[in-house]
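Here's the letter readout for the chains.
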Amino acid sequence: DSTFALAWMALGRRLALQNRPQAADSALRMAQRHASQLTERERMIVDATVLRANGFADSAIARRAAWLTAQPDDLEMQRAQLYDLLTALRRDEAV
């Protein structure tokens, strides 16, 4: 990741957790700007992260669900999906 897209994404997540929305948005825009250099999986992670950060948890869940349909053994994505389902109060789907 020579453009640091994943680092920008991680920074954006951290800033969002610190309740710094403008800085988080800026970092996530940088991640998106450089996402074309990433693998398909990494681009999906950036997309889902940006969607969730912008208040579109359902879209992030749908994006990740599509990935998991094709890659059901991806444990990291399963964990992220479970977290999003639980925080979006969609517990019945988290089973």
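Given the structure is predicted, the values throughout are model-derived calculations rather than measurements. (Residues numbered from 1 in each chain as written. Predicted model: local features only at pLDDT ≥ 70, side-chain atom pairs only at ≥ 80, totals over all residues. Heavy atoms only, no water.)

Participant: Could you give an account of the overall build of the chain, with specific residues and numbers?
Facilitator: Helices and strands together make up the secondary structure of the chain, namely 5 helices and 0 strands. Listing each helix as α and each strand as β along the chain from the N terminus yields α-α-α-α-α. In terms of overall size, the chain behaves like a compact globule, its C-alpha atoms giving a radius of gyration of 13 Å where 95 residues would be expected to give roughly 12 Å. With the C-alpha coordinates aligned to their principal axes, the bounding extent of the chain is approximately 35 × 30 × 15 Å. Counting all 95 residues of the chain, 31% fall into the buried class. (Helix = DSSP H or I, 4+ residues; strand = E, 2+ residues; numbered from the N terminus. Rg over C-alpha atoms; globule rule 2.2 N^0.38 Å. Buried < 20%, exposed > 50% of the residue type's maximum accessible area, 1.4 Å probe, protein only.)

Participant: Describe the pattern of salt bridges, listing the residues and the values that go with them.
Facilitator: Under the counting rule described, the total for this entry stands at 8 salt bridges. The partner of Arg41 in a salt bridge is Glu76, with the nearest N and O atoms 3.0 Å apart. Of this pair, Arg41 sits in helix H3 (residues 40–53) while Glu76 sits in helix H5 (residues 75–87); the two residues are 35 residues apart in sequence, bridging distant segments of the chain. The partner of Arg52 in a salt bridge is Asp84, with the nearest N and O atoms 2.3 Å apart. Of this pair, Arg52 sits in helix H3 while Asp84 is found in helix H5, placing the two residues 32 residues apart along the sequence. (Salt bridge = Lys/Arg side-chain N within 4 Å of Asp/Glu carboxyl O.)

Participant: Describe the side chain of Arg64, with residues and values.
Facilitator: Structurally, Arg64 can be placed in helix H4 (residues 57–70). Note on Arg64: relative accessible area 6%, which makes it buried.

Participant: Got a sec to walk through H3? Specific residues and values, please.
Facilitator: For H3, with 14 residues, the first-to-last C-alpha span of 20 Å sits near the 20 Å given by 1.5 Å per residue. Those residues of H3 lying buried are Met44, Ile45, Val46, Ala48, Thr49 and Val50. Considering only its buried residues, H3 is in contact with helix H1 (5–17), helix H2 (21–34), H4 and H5. Just downstream of H3 lies Gly55, where phi reads positive at about 90 degrees. (Expected span 1.5 Å × (residues − 1). Contact = heavy atoms within 4.5 Å.)

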